[in-house]
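Summary of structural features
What follows is the residue order along each chain.
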Amino acid sequence: MIDLIFPDGSQRQYEDGATGRSVAASIAKSLEKRAVLIKLDGELYDLDRALPSGGVFEILTRDAPEALDTIRHDASHVMAEAVQELFPGTQVTIGPAIEDGFYYDFARATPFSLDDLAKIEQRMKEIVDRDEPITREVWNREEAIAHFTEIGEAYKAEIISDLPGTDEITVYRQGQWKDLCRGPHLPSTKHVGKAFKLTKLAGAYWRGDHRNAQLQRIYGTAWASEADLEAYLTRIEEAEKRDHRKIGRAMDLFHLQEEAKGMIFWHPKGWTLFRTVQDYIRRRLDAGGYQEVKTPQIMDRGLWDRSGHWEKFGANMFVCETTEGEELAVKPMNCPGHIQIFNVGQKSYRDLPLRLAEFGACHRYEPSGALHGIMRLRAFTQDDAHIFCREDQIEEETTRFVRLLNSVYSDFGVHLDSVKLALRPDLRAGTDEVWDIAEDKLERAARQAVNIGIERMPGEGAFYGPKLEFHLRDAIGRTWQCGTLQLDFVLPERLDAEYTAEDGSKQRPVVLHRAVFGAVERFLGILIENHAGAFPLWLAPTQVVVATITSDADDYALAVAQELRAAGLRVETDLRNEKINYKIREHSLAKAPVIAVVGRREAEEGKVALRRFGSDGQEILSLAQAAKTLALEALAPDVARSTAAASASPREPVGAREAG
RNA sequence: GCCGGAUUAGCUCAGCUGGUAGAGCAGCGGUUUUGUAAACCGAAGGUCACGGGUUCGAGUCCUGUAUCCGGCACCA
């Protein structure tokens, strides 16, 4: 007998061999009809599978949130069945549920075309209508390998061979079709429903390795209801309007062109935004004990040889030869330059931690397919810094950095999507012993400072050390690594950095490579998408537009603009011979934070009528009052904090909270 | 780099099965002096990404190249 505890707390006993279906039937016939899965002690099981034990038990219907992943997983199987019916000879490989949908990777000599998707979708709907029962079978390993090999499913046979010997080999039958799969699945294909849509085609390498065969991946989205599907499609459509490439053009921030692939032409407004962000982080670094430096853009190959970059990274570097036969490389990163500065003169343990910062213009020859708007470029600016410290300072420096990063992100109104810890890669410098220490220190420090879970990523680290990655999300949900902190025991060794310890001995410092934005450009891309171009006042390239109602007010408008500029605001005037409605509409669409309307009345009374973005009211203020109010509102958050702290209680030290 | 798609006016897009290009907005010229999300009129604007081919004839079909977009790989 097994004991089941139901969601209402009640408990009942069932015979051994009871299934989710039989339990559901014992409660109500209608429940049995609607049941698609069961949850036992947090695990999902097929409805018709004998319950392995008692426990906390729940019957799931199709609309249960937990069922959604299974609907998506089943949709991928239905798609695979449809593909194999329509395109005989196509091999199946894997097809999981993913965020918002699913995919399946197929092996096939000729790639699919977009036209095929409609046919496949049609056939999927027929398979749903056929209501094919989905049943689970446990197979013998050797027989399974032999079977899949015989029917020409080499990939499936390979997957089975690689499964740990302790794993059961389960095959799910779906009508005439079958697939090796761990499950669980819905009882039959009708439960998948028709709220799905095939969305895109892509090549994908078998097991994610570019040395392997390229498979044909078909992506789809699937939902519990038609309404959810519609909502999703609308959401995506809306998100695409926030694309930084669209907004960048519409707001005249920047452009890219063929002659400089992966490099940005910043227009005046975009560059203003860039500078505002740069000025902000510069203040934070100054306050945080960093010293800014500037190192050469192009350096001799010899240095890159010694640093190891020529060997490990050479293929991605822009190089040039001089007429005198020197071989030079444009810097892909700033670290070797900073170590040169560290190496000049003698350093003492008293100098540590030494934090050298640089807005480093880096160039990397990225593969053409990797370029993406201003998120992935060949020329970009890192808000880079290298912290030279002792091993026993690593944890504190890491904690300080993460606090700074959290504070900066919150000032910009962006939210961390995830924090990852990239661990030792196969190709690496340094002994295992050194890596053990490095990984351990980083993880411990990060755990202290980060309030979300840290994802461990084996094999993803840099060749010289483990790496903490701070990821942010763009408009359509892709995540981008922005902030990073990387431990490096290797480069100081290779470039011979040392300091004199207390006992007079020469010691190697540890280097922490760190960046809050990662690349300023990428961070701006995220910022544009997160705000949909409607920047807060302190960031907006144009903060105030002074718009006239009639030409009578032109002179006054110019005076207003001048006064606001004198108060430190970025101001434009609109004296065009257009109706005020037209001007309001245009500047609202351009997301100007403040429109200052002036007509004859304002000119006579020395006032301005302020209209804020997102509101249709107006606020009539004297010009002096408006300048004062807006200037105060336009302060960067860090400046606003120190201003407030200075004028508040003297007991609270200035900037104490954000000094980290 | 790999797979799939796209590329037509400054921008957003139309152009059916081949018959030498069309709209809206913007820009320009004029009229209008306007009170909080689009005043009116007019003229202009294109080597249909680029190169080759098929055809009497190519924006449309074939082919090569480039860039961009969606993925994959890469991101030290």
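Structural data are supplied above this passage.
Residues numbered from 1 in each chain as written. Chains lettered and ligands numbered in written order. Predicted model: local features only at pLDDT ≥ 70, side-chain atom pairs only at ≥ 80, totals over all residues. Heavy atoms only, no water.

Bringing the packing of aromatic side chains into the picture now. The final tally for this structure, using the stated rule, is 23 aromatic pairs. When the ring of Trp223 is compared with that of Tyr232, the centres are 5.2 Å apart and the planes differ by 35°; the resulting orientation is tilted. Taken as a pair, Trp223 and Tyr232 share a single burial class, namely buried. Through pairs of rings, three or more aromatic residues link up here, namely Tyr280, Tyr409, Phe412, Phe517, Phe523 and Trp538. Above the plane of the ring of Tyr103 lies Arg217, whose end atom (NZ or CZ) is 3.8 Å from the centre. (Phe/Tyr/Trp six-rings, centres within 6.5 Å; stacked < 30°, edge-to-face > 60°. Buried < 20%, exposed > 50% of the residue type's maximum accessible area, 1.4 Å probe, protein only. Lys NZ or Arg CZ within 6 Å of the ring centre and 35° of its normal.)

Not every one of the 59 residues close to RNA strand B is listed here, only the nearest: Gln214, Phe313, Met333, Arg364 and Asn577. Backbone atoms, meaning sugar and phosphate, form 53% of the atoms of RNA strand B found within 4 Å of the protein. One nitrogen or oxygen atom from the main chain of Leu201 is found 2.8 Å from a base nitrogen belonging to RNA strand B. Between His210 and RNA strand B, the recorded distance is 3.1 Å, taken from a side-chain N or O atom to a sugar or linking oxygen. If you list the elements that add at least two residues to the surface near RNA strand B, you get strand 12 (196–205), strand 13 (214–222), helix 8 (244–250), helix 18 (580–589), helix 19 (600–605) and strand 32 (607–612). At seven residues, the largest contribution of residues to the surface near RNA strand B is made by helix 18. Per-class residue counts for the surface near RNA strand B are 24 nonpolar, 18 polar and 17 charged. (Near = heavy atom within 4 Å. Polar contact = N/O pair within 3.5 Å; in protein donor to acceptor, adjacent residues only side chain to side chain. Helix = DSSP H or I, 4+ residues; strand = E, 2+ residues; numbered from the N terminus. Nonpolar A, V, L, I, M, F, W, Y, C, P; charged D, E, K, R; others polar.)

Spatially, three strands are ordered 17-19-18 in an open sheet, and the strand pairing comes out antiparallel. A strand with exactly one partner marks an edge of an open sheet, and here the two such strands are strand 17 (298–300) and strand 18 (319–321). Pairs of neighbouring strands in the sheet enclose a mean axial angle of 35°, with direction left out of account. As judged from the three bridges shared by strand 17 and strand 19 (residues 327–330), these two strands associate in the antiparallel manner. Following the sheet pairing, Asp300 is matched in strand 19 by Leu328. (Pairing = 2+ DSSP bridges. Axes fitted to C-alpha atoms, helices over the stretch in contact; angles between N-to-C directions.)

We now examine the pattern of salt bridges. With the rule as written, the count across this model stands at 53 salt bridges. As a salt-bridge pair, Arg130 and Glu81 come within 3.6 Å of each other at their nearest N and O atoms. With Arg130 in helix 4 (residues 114–130) and Glu81 in helix 3 (residues 68–86), this residue pair connects regions lying 49 residues apart in the sequence. The salt bridge partner of Glu366 is Arg376, with a shortest N-O separation of 3.0 Å. Here Arg376 lies in the loop between strand 20 (354–363) and strand 21 (379–389) and Glu366 lies in the loop between strand 20 and strand 21, a separation of 10 residues in the sequence. What makes Glu366 buried here is its relative accessible area of 9%. Since its relative accessible area comes to 28%, Arg376 is described here as partly exposed. Via salt bridges that share partners, Glu81, Glu85, Arg123, Glu126, Arg130 and Glu132 belong to a single interconnected network. (Salt bridge = Lys/Arg side-chain N within 4 Å of Asp/Glu carboxyl O.)

Bear in mind that shape data such as this cannot, by itself, settle questions of function.
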